[in-house]
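Residue-level listing of the chains:
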Number of protein chains: 2
Amino acid sequence: MATKKFLIIGGDAAGMSAAARARRRDPELEIEALERGGFVSYAACGIPYFISGEVKALHDLVVVTPDEFEKKRGIRVRLHHRVEKIDPEKKLVIARNLETDRLLEFPYDDLLIATGAAPIVPAGLSLSLPGVFTVRGLAKTRELKEFIAANSPREALIVGGGYIGLEMAEALAGLGLKVQMTKLTPREMLALEEEVSEEIIRELADNGVELTIGAGAEKLEPDPAGRLKIALSNGEERIADLVIVAAGVRPESELARQAGLELGEKGAIKVDRRQRTSADHVYAAGDCAEAYHRLLKRNAYIPLALTANRQGRVAGTNVTGGQEEFAGMQGSAVTRVFELTAARTGLGRKEAADAGFDAEKVYVKSNSRAHYFPGSRTIHTVLIVEKNTGRLLGAQMAGRDGVAHRINLFALAAAQGISVSELKDADLAYAPPFSPVFDPVLQAAEVAAKKIG
Amino acid sequence: MATKKFLIIGGDAAGMSAAARARRRDPELEIEALERGGFVSYAACGIPYFISGEVKALHDLVVVTPDEFEKKRGIRVRLHHRVEKIDPEKKLVIARNLETDRLLEFPYDDLLIATGAAPIVPAGLSLSLPGVFTVRGLAKTRELKEFIAANSPREALIVGGGYIGLEMAEALAGLGLKVQMTKLTPREMLALEEEVSEEIIRELADNGVELTIGAGAEKLEPDPAGRLKIALSNGEERIADLVIVAAGVRPESELARQAGLELGEKGAIKVDRRQRTSADHVYAAGDCAEAYHRLLKRNAYIPLALTANRQGRVAGTNVTGGQEEFAGMQGSAVTRVFELTAARTGLGRKEAADAGFDAEKVYVKSNSRAHYFPGSRTIHTVLIVEKNTGRLLGAQMAGRDGVAHRINLFALAAAQGISVSELKDADLAYAPPFSPVFDPVLQAAEVAAKKIG
């Protein structure tokens, strides 16, 4: 009997998680991954910290090398292979070896599309000018780092105020650059509720980042002094030596579309909870695909690392005879913006209303530690709670101490349908260096429980 | 109609929480608290950090002053009043004013006993020798601080290896003292599982604390050089300039016993979930009383600050016509020992077995942050899981980064009957400065879910 072949398009976390899981379950399966770039299995979320210098070496971001995949796990990795066509009828993928420029055919028994997401580049912004970068992939990251080292840029403009934009603002400011940021969408950062978003805006201002709200970057050109001139949609102009385009991402679903696969939310590849696409034997996982949202009870497009890893694993299980379902995500995320940590899980007020929930919003300020303990800082908490049941639908927090793990209590509560009345009675561990006797989580739940009453 | 009177014995967190809650619910009620010492409503858990100097002023530990209670809330506080007798038949309390030495009668309509716990002092240890202290109350704390300032002790011996002993070891070592510690009970610190306990033992050793295990302090006397000589039960001898007796606590239930009230677990005052004792109109709350244990589904004696505050509030609700029940505790606790944080919630392996659970133990080591991120440290996690259901019964953690709030995810899971299979699928917020993509909580739950099958 011939060995079956599992082919993977894309060597990111989703693709390589699938490969690793499939190998663990089936030592015989032929597994091959086609990656357009020169790296697989790297921690994309770590890129801003390599730019800042907190992470010293680019290869520190690589989790497993192609060599390790091949020698230790028998997973073939082909770098610099760009897939040009998927033929689900013939169960065939055609890819170009970018080093030889030759087209090659890759038959498969099962295929996983894990092509990830690509930065959205506003029309009018040319990425070909020197000093203009997106944040994507390790090769580009190395170029950016080298550009900064070689040119010592004094001023940077970040186009976009999402997670990557904020993390890059911190990284570049830390390197001594003056940082400007322009954000097309309204005042709320990261689509957070106002109370939490305002803390981010304050933190940016406190750290010298000049934020322009409600203006996109429309045109980018060299200025006579050899710098970059950016025309904003509000008619203003900015000058910078370095431009980072971080205006959101879109799913890389073009190959899938051309192959006739159904697309779903925001153009992401439509999948069921087993990560199957509309084509037989074709799976999709990670930032190119939709993901099942636990609270909305339908698919949504919120590309995040944990989801990508889990979807990859689910695909890896299912191509090896398993019956696993992706458990679901709920948009839990956290980011560090200078000294501030901002985090969210579940639904915001508008998302909850749009999904038909009758929801109440509660905002609570509390201390991160015992009031007398050094290092105690204010934590801002917003809860979104279903009115008739008291069920927690979402939570957002911002603060300069003790936010990143606390948000996860709300995440677990929202996922498990725990009400704020139950949550307020949780027996949480207390010691003065870590929390007040009544933890901010308990305080917020108690205020919410009273309000819902 | 005459105003009803709510009398409280003890001005600690439980007593004053009850007073505050009762006042909020009933502006007319006469409320009076009798406190033996000179302080009420102070943060006892903060004492080691005042000794260490992290908390600068003793009065920083006071949450609300007697004056504030009286003027702002109409709650009468009598300091230096030691209760000598409770007469539940006559609804009368007899107390001695320690400043005038006069006996006074206090009639009540409802009484709350919130007398707290007292340090256990092993026979043979005289507290009257200079340089010998327990950790209890702000007056004694001030004496200890003054003793250290005046005598510059070089060596300290801590009798007992519980939370207070460990925190005092850190505080005294931080002041430059050489610290010895002796612990009568076996090797496991804080009754934690071996894997977590060993991290504490290592941390003590790394910080120069000389720990003697399995030996109690039997005799304490001055030595010829004017220092203190301590004879241990293993025949050894220790010399120190300062001795801290922190060999556990016992409930202060003697008044209740004399009044004929039923005592329960470990001599603590027996209460129902409304904090009622066996005598009509007599309530008890805090470290002198039992508390309902959520996982054992019966009362237990695990004196902790959050429980005391909550029981006080429940009593305050119920003496003002409410029908509130204490939701329950599960022994969640956390402590900082030098750079290490150790935490627990729920049942240990032996406790689970004793309670009739068929439980499995899982031990997992993981990184506190992304592997490449500076500051990532090992987190040691032990889970106790019910075999047939996968329900989480308890968790313990030790680590030098990111332990204190993570334990609370396990606390919530254990309280809500969430299985490790559900927990492993939680959508937790991730960013490299705070966690790996799969958080240590998820990793431990996954290992447990696999082991349970």
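Residues numbered from 1 in each chain as written. Chains lettered and ligands numbered in written order. Predicted model: local features only at pLDDT ≥ 70, side-chain atom pairs only at ≥ 80, totals over all residues. Heavy atoms only, no water.

## Some points on the overall build of chain A
Applicable threshold: Each helix is a run of DSSP H or I of at least 4 residues and each strand a run of E of at least 2, with the numbering of both proceeding from the N terminus. For this measure, only C-alpha atoms enter the radius of gyration; the expected value for a globule follows 2.2 Å times N^0.38, where N is the number of residues. Only protein chains enter the accessibility calculation, which uses a 1.4 Å probe; a residue is then buried when its area is under 20% of its type maximum, exposed when over 50%, and partly exposed in between. Two residues form a contact once any of their heavy atoms are found within 4.5 Å. Here the open area of atoms and residues is found with the Shrake-Rupley method and a 1.4 Å probe, where only the protein chains shown may cover a residue. In this tally, Lys and Arg are treated as positive and Asp and Glu as negative; His is ignored, and so are the chain termini. Where a charge lies is defined by one atom per residue type, namely NZ (Lys), CZ (Arg), CG (Asp) and CD (Glu).
What chain A contains, in helices and strands, is 12 helices and 25 strands. Against the compact-globule benchmark of 22 Å for 453 residues, chain A has a radius of gyration of 23 Å, which places it among compact chains. Taking the principal axes of the C-alpha coordinates as reference, chain A spans close to 70 × 60 × 40 Å. Going through the 453 residues of chain A one by one, you find that 58% of them count as buried. In chain A, the share of contacts with a sequence separation of at least 24, taken over all contacts with a separation of at least 6, comes to 61%. Taken as a whole, chain A presents about 17700 Å² of accessible surface, with 47% of it coming from carbon and sulfur. Charge centroids of chain A, computed over 59 positive and 61 negative side chains, lie 1 Å from each other.

## Considering the packing of helix α1 (residues 13-25) of chain B against helix α8 (residues 305-318) of chain B
All names here are of chain B. Quick reminder of the rule: Lines fitted to C-alpha atoms define the axes here, with helix axes fitted over just the stretch in contact, and angles between the N-to-C directions of these axes take values from 0 to 180 degrees. Here is the rule for handedness: rotate from the far helix to the near one, and if that takes an anticlockwise turn smaller than a right angle the crossing is left-handed, while a clockwise turn gives right-handed. When residues are sorted by character, Ala, Val, Leu, Ile, Met, Phe, Trp, Tyr, Cys and Pro go into the nonpolar class, Asp, Glu, Lys and Arg into the charged class, and all the rest, Gly among them, into the polar class.
Remark: α1 packs on α8, axes separated minimally by 7 Å, with the N-to-C direction vectors making an angle of 35°. For the pair α1 and α8, the sense of crossing is right-handed. Contacts from Ala 13, Ala 14, Ser 17, Ala 18, Arg 21, Ala 22 and Arg 25 of α1 reach α8 at Ala 308, Asn 309, Gly 312, Arg 313, Gly 316 and Thr 317. For the contact of α1 with α8, the class distribution of residues is 5 nonpolar, 5 polar and 3 charged.

## Here we look at the relation of the copies chain B and chain A
Stated precisely, the cut-off is as follows: Overlaid copies result from least-squares superposition on C-alpha atoms, with residues included only where pLDDT is at least 70 in both.
Overlay of chain B on chain A (RMSD 0.0 Å): rotation 180°, translation along the axis 0.0 Å. Here the symmetry operator amounts to a two-fold rotation axis. The overlap is high: 100% of the interface residues of chain B also sit at the interface in chain A, so the same surface is used on both sides.

## Regarding the interface of chain B and chain A
Cut-off, in case you're wondering: The quantity reported as buried area is the accessible area (1.4 Å probe) lost by two parts once they are put together, taken as the sum for both. By salt bridge we mean one thing: a side-chain nitrogen of Lys or Arg within 4 Å of a carboxyl oxygen of Asp or Glu. Within 3.5 Å is the distance limit for a polar contact, defined as a pair of N or O atoms, with the added protein rule that one can donate a hydrogen and the other accept it, and that residues adjacent in sequence qualify only through two side-chain atoms.
Chain B puts 63 residues into the contact, and the matching count from chain A is 63 residues. Buried area between chain B and chain A, both sides added, is near 5200 Å², and the carbon and sulfur share of it is 65%. Joining chain B to chain A, the criterion identifies 2 salt bridges. Its salt-bridge partner being B:Arg313, residue A:Glu446 comes within 3.3 Å of it at the nearest N-O pair. Our count for the chain B to chain A interface comes out at 26 residue pairs in polar contact (both at pLDDT 80 or more). Counting only elements with at least two residues in the side of chain B that touches chain A, the list comes to α8, β21 (333-337), β22 (340-346), α10 (407-415), α11 (420-424) and α12 (440-452) of chain B. For the side of chain B that touches chain A, a count of residues per class yields 35 nonpolar, 14 polar and 14 charged.

## Thoughts on unusual backbone geometry
All names here are of chain A. The backbone of His 80 sits at a positive phi, close to 55°, despite the residue not being glycine. Mapping His 80 onto the fold places it in the loop between β3 (75-78) and β4 (81-87). Of note, Leu 190 is a non-glycine position whose phi angle comes to about 55°, a positive value. Position of Leu 190 among the secondary structure elements: in the loop between β11 (178-183) and α6 (194-206). Judged by relative accessible area, which is 12%, Leu 190 ranks as buried.

## Looking at the packing of aromatic side chains
Rules: Only Phe, Tyr and Trp rings are paired, with Trp represented by its six-membered ring, and only when their centres lie within 6.5 Å; those with planes under 30 degrees apart are stacked, over 60 edge-to-face, the remainder tilted.
Scanning the entire structure with this criterion turns up 4 aromatic pairs over all chains. Centre to centre, the rings of A:Phe373 and B:Tyr49 are 5.1 Å apart; their planes meet at 80°, and the pair counts as edge-to-face. You can see A:Phe373 sitting in the loop between β23 (359-367) and β24 (378-386) and its partner B:Tyr49 sitting in helix α2 (residues 47-52), one on each of two chains. This pair shows no difference in class: A:Phe373 is buried, exactly as B:Tyr49 is.

## A short note on the sheet that holds β3(A)
In a beta sheet, neighbouring strands pair by backbone hydrogen bonds and run either parallel or antiparallel. Residue and element names in this part refer to chain A. Note the threshold: Each pair of strands is called paired provided DSSP finds at least two bridges between the two strands.
The sheet built from 5 strands is open, its strands ordered β3-β2-β1-β7-β18 with parallel pairing. Two strands close off the open sheet at either side, each with one partner strand: β3 and β18 (282-284). Direction aside, the axes of adjacent strands within the sheet are offset by 20° on average. As paired elements, strand β2 (residues 30-34) and β3 share 4 bridges and run parallel to each other. Counted as the bridge partner of Ile 31 is Ile 75 from β3.

## Quick look at the pattern of salt bridges
Scanning the entire structure with this criterion turns up 83 salt bridges over all chains. Residue A:Arg82 pairs with A:Glu84 through a salt bridge whose shortest N-O separation is 2.8 Å. By relative accessible area, which is 34% here, A:Arg82 ends up partly exposed. According to the relative accessible area criterion, A:Glu84 is partly exposed, its value standing at 28%. The partner of B:Lys387 in a salt bridge is B:Asp358, with the nearest N and O atoms 3.6 Å apart. Of this pair, B:Lys387 sits in the loop between β24 (378-386) and β25 (392-399) while B:Asp358 sits in the loop between α9 (349-354) and β23 (359-367); the two residues are 29 residues apart in sequence, bridging distant segments of the chain.

## What to know about the side chain of A:Glu167
When you line up the elements, A:Glu167 lands in helix α5 (residues 163-174). Every residue in contact with A:Glu167, bar those within four places of it in the chain, is listed here: A:Pro48, A:Tyr49, A:Thr335 and A:Arg336.

## A few points about the side chain of A:Ser366
With respect to the helices and strands, the residue A:Ser366 is situated in strand β23. Setting aside its immediate chain neighbours within four residues, A:Ser366 contacts A:Arg377, A:Thr378, A:Ile379, A:Pro440 and A:Gln443.

## Brief notes about α10(B)
Residue and element names in this part refer to chain B. Taken across its 9 residues, α10 has 8 buried, putting it largely inside the fold. Among the residues of α10, those classed as buried are Ile 407, Asn 408, Leu 409, Phe 410, Ala 411, Leu 412, Ala 413 and Ala 414. Once α10 finishes, Gly 417 follows within two positions and takes phi at roughly 65°, a positive value.

## Focus on the sheet that holds β24(A)
Residue and element names in this part refer to chain A. Spatial ordering of the open sheet is given by β21-β22-β25-β24-β23, a layout of 5 strands whose pairing is antiparallel. Two strands lie at the open edges of the sheet, namely β21 (333-337) and β23, each paired on one side alone. Across the sheet, the axes of successive neighbouring strands diverge by a mean angle of 10°, strand direction being ignored. Here β23 pairs with β24 via 9 bridges, running antiparallel. Residue pairing in the sheet places Lys 365 in a bridge with His 380 of β24. Sheet strands touched by α5: β21 and β22 (340-346). Its angle to β21, the strand with the most contacts, is close to 25°. Across the sheet, helix α10 (residues 407-415) is in contact with β22, β24 and β25 (392-399); its angle to β25 comes to roughly 175°.

## Describing the pairing of strand β7 (residues 110-113) of chain B
On any regular strand, side chains alternate: one points to one face of the sheet, the next to the other face. Residue and element names in this part refer to chain B. Across the two faces of β7 the burial is the same, with Asp 110 and Leu 112 and Leu 111 and Ile 113 all buried. Bridge analysis of strand β1 (residues 5-9) against β7 gives 4 bridges, and the strand direction is parallel. Counted as the bridge partner of Phe 6 is Asp 110 from β7. For β7 and strand β18 (residues 282-284), the ladder comprises 3 bridges, and the chain directions are parallel. Bridged to Leu 112 within β18 is Tyr 283.

Nothing here speaks to function; it is all geometry.
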